[in-house]
Amino acid sequence: MKLNLIGLLFGIGFGGVLAASNLHEYDTIHAMLRLDEFDVFWFMASAIAVSAPLLWLLERRQIHTPFGGELALSRSKPEKHHVQGGALFGVGWAIAGTCPAPALVMVSSGALLGLVAIPGIFLGLHLRERQSKTVGHVGDGEHRETVVVPG
Amino acid sequence: MVDLLPDRLAWYVGGPLLGLLIVGLFAIANQPLGASGAYVQTSGLLRRMPNVVTWRVWYFVGMFVGGVLVTQVLREGAEIRSGYDALRNVFPLWAVVPLVFGGATLLGYGAAVAGGCTSGHGMCGTAQRSPASLTVTATFMATAVLTTLALRIVTGGEL
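Residues numbered from 1 in each chain as written. Chains lettered and ligands numbered in written order. Predicted model: local features only at pLDDT ≥ 70, side-chain atom pairs only at ≥ 80, totals over all residues. Heavy atoms only, no water.

Some details on the overall build of chain A
When helices and strands are tallied, chain A shows six helices and two strands. Reading the helices (α) and strands (β) of chain A from amino to carboxyl end gives α-α-α-β-β-α-α-α. Expressed as a percentage of the 151 residues in chain A, the buried residues total 57%. Put simply, of all contacts in chain A between residues at least 6 apart along the chain, 47% involve residues at least 24 apart. Summed over its atoms, the accessible surface of chain A is roughly 6500 Å², and 64% of this surface lies on carbon and sulfur atoms. (Helix = DSSP H or I, 4+ residues; strand = E, 2+ residues; numbered from the N terminus. Buried < 20%, exposed > 50% of the residue type's maximum accessible area, 1.4 Å probe, protein only. Contact = heavy atoms within 4.5 Å. Areas by Shrake-Rupley, 256 points an atom, 1.4 Å probe, with all protein chains shown as cover.)

Structure, rendered in structure tokens:
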């Protein structure tokens, strides 16, 4: 139950930061991919510059997370499907000018074409799920099972 | 309605904030802050599948709520509109709708094949220094920039 609240709060934080940074606007993503404006690249780079060293530190300290056991970062080897999936994702991202999280914020900002993008994303994920029969195991980058510790 | 956030937040504020959120979710739940997984779980819930990870569904709802809080409460002037201004300046609406839908389907399919999207691989995966995520991120950045360039050429520089 507590984990649900944490999920909601982190969602609000993530959606809020994306909205405040205008990443839900097609025009922002389009200007970035046209290489007209580098703010979004800097946004992503600074997020990683802050999180990567902190994660490294937490990993070294072998912290015990309250809801997921020992902190275990994933470092999978690249496989063919990473390149294939990444290539398709990039083409779709450039055409639709949005990706899964910003598409939700697009709708909350009142941009109605977000209601076209979201079903498209659901359909795409579903098509792959039907093809590979790996229900629930796609997504999250480095995916892992949730270990729910009672409390 | 208060207009607390009238302008776009500078990248050097928004980026580090997002970085802290990424670290926070790892520290609390040992989980990446990935958005496509939230879609997968929400889709599972809507189709009444077994073993739905419910906190990811709440996370899905949260992203929408966070957008409402910023665009409708903290910021003035968010009105009902179509969005996609730059695309709509070049193409009529009857072409924009299938373009957006087709692009979104493609990116959803690609995210499923790659096992993550901009947040899961692009941010959380790179922050973990995962070679797989770095590969995905480099690939989608390259194809996205090339696709944008191709669209620009096809539209005679208009898009």
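Notes on the pattern of salt bridges
When charged atoms on two side chains of opposite charge get close, those side chains can pair. In the structure shown here, the tally under the stated rule is five salt bridges over all chains. One salt bridge connects Arg34(A) with Asp36(A), and the closest N-O pair in it is separated by 2.9 Å. One salt bridge in this structure joins Glu37(A) and Arg8(B), with 3.1 Å as the shortest N-O distance. Here Glu37(A), found in the loop between helix H2 (26–33) and helix H3 (39–60), pairs with Arg8(B), found in the segment before helix H1 (11–29), and the two come from separate chains. For Arg8(B), a relative accessible area of 29% puts it in the partly exposed group. (Salt bridge = Lys/Arg side-chain N within 4 Å of Asp/Glu carboxyl O.)

Structural notes on the confidence of the model for chain A
Any segment with low pLDDT has predicted coordinates that should not be analysed in fine detail. Per-residue confidence for chain A gives a mean pLDDT of 90; residues scoring 70 or more make up 87%. Scored below 50 in pLDDT, residues 145–151 of chain A shows 15 contacts in the model against residues more than four places distant or in partner chains. (pLDDT = per-residue confidence, 0-100.)

Structural notes on empty space enclosed by the protein
Counting across every chain of the model gives three cavities of 30 Å³ or more. Lining the largest cavity are 15 residues, with Leu18(A), Leu23(A), Cys99(A), Pro102(A) and Thr118(B) positioned closest to its centre. Looking at the lining of the largest cavity, the elements that each hand over two or more residues are helix H1 (2–20), H3 and helix H5 (100–108) of chain A together with helix H6 (118–127) of chain B. (1 Å grid on protein atoms, 1.4 Å probe; cavity = no way out; pocket = protein on both sides within 12 Å on 5 of 7 lines; lining within 4 Å. Points joined across faces, edges and corners; volume = space filled by probe spheres on them.)

Quick word on the packing of H5(A) against helix H3 (residues 54–74) of chain B
Two elements in contact, H5(A) and H3(B), have axes whose closest approach is 8 Å; the angle formed by their N-to-C orientations is 45°. The orientation of H5(A) relative to H3(B) falls into the category oblique. As H5(A) runs across H3(B), the sense of the crossing is right-handed. Mapping the contact onto sequence places Ala101(A), Leu104(A), Val105(A), Val107(A) and Ser108(A) in H5(A) and Phe60(B), Met63(B), Phe64(B), Gly67(B), Val68(B), Thr71(B) and Gln72(B) in H3(B). In the contact of H5(A) with H3(B), the residues fall into eight nonpolar, four polar and no charged. (Axes fitted to C-alpha atoms, helices over the stretch in contact; angles between N-to-C directions. Parallel < 35°, antiparallel > 145°, perpendicular 65-115°, else oblique. Left-handed = near helix turned anticlockwise from the far one by under 90°. Nonpolar A, V, L, I, M, F, W, Y, C, P; charged D, E, K, R; others polar.)

A look at the interface of chain A and chain B
With 115 residues of chain A in contact, the opposing surface of chain B contributes 116 residues. Carbon and sulfur atoms supply 72% of the area that chain A and chain B bury against each other, a total of about 10300 Å² over both sides. Viewed at the interface, chain B and chain A are joined by three salt bridges. Notably, a salt bridge pairs Glu129(A) with Arg47(B), separated by 2.9 Å at the nearest N-O pair. Joining chain A to chain B, the criterion identifies 34 residue pairs in polar contact (both at pLDDT 80 or more). The set of elements that each furnish at least two residues to the side of chain A that touches chain B consists of H1, H2, H3, helix H4 (80–96), H5 and helix H6 (114–132) of chain A. (Buried area = accessible area lost by both parts, 1.4 Å probe. Polar contact = N/O pair within 3.5 Å; in protein donor to acceptor, adjacent residues only side chain to side chain.)

Describing the packing of aromatic side chains
Ring pairs (aromatic) are described by centroid distance and by the angle formed between their planes. Counted under the stated rule, the structure contains 12 aromatic pairs over all chains. When the ring of Phe122(A) is compared with that of Phe60(B), the centres are 5.9 Å apart and the planes differ by 45°; the resulting orientation is tilted. One end of the pair, Phe122(A), is in helix H6; the other, Phe60(B), is in helix H3, on a second chain. Assessed through its relative accessible area of 19%, Phe122(A) is described here as buried. Every member of this aromatic cluster is reached through a ring pair, and the members are Phe14(A), Trp55(B) and Tyr59(B). (Phe/Tyr/Trp six-rings, centres within 6.5 Å; stacked < 30°, edge-to-face > 60°.)

Concerning the nonpolar core
Core analysis: the biggest nonpolar cluster contains 78 residues, and Trp93(A), Leu18(B), Leu33(B), Tyr39(B) and Tyr84(B) have the highest contact counts within it. With eight residues, H1(A) is the single largest residue contributor to this core. (Core = buried A, V, L, I, M, F, W, Y, C linked by side-chain atoms within 4.5 Å.)

Description of H2(A)
With seven of eight residues buried, H2(A) is to be regarded as a mostly interior element. Among all positions of H2(A), only Tyr26(A), Thr28(A), Ile29(A), His30(A), Ala31(A), Met32(A) and Leu33(A) are buried. Elements that come into contact with the buried residues of H2(A) comprise H3 and H4 of chain A together with helix H4 (85–88) and helix H7 (131–154) of chain B. The positive-phi residue at the C-terminal boundary of H2(A) is Leu35(A), with phi of around 60°.

Topic: H1(B)
End to end, H1(B) covers 27 Å across 19 residues, agreeing with the expected 27 Å (1.5 Å per residue, within 8%). Taken as a whole, H1(B) has its buried residues at Gly14(B), Gly15(B), Leu18(B), Gly19(B), Leu21(B), Ile22(B), Val23(B), Gly24(B), Leu25(B), Phe26(B) and Ala29(B). Close packing links the buried residues of H1(B) with H1, H3 and strand S1 (64–65) of chain A together with H3 and H6 of chain B. Backbone geometry just after H1(B) places Asn30(B) at a positive phi near 60°. (Expected span 1.5 Å × (residues − 1).)

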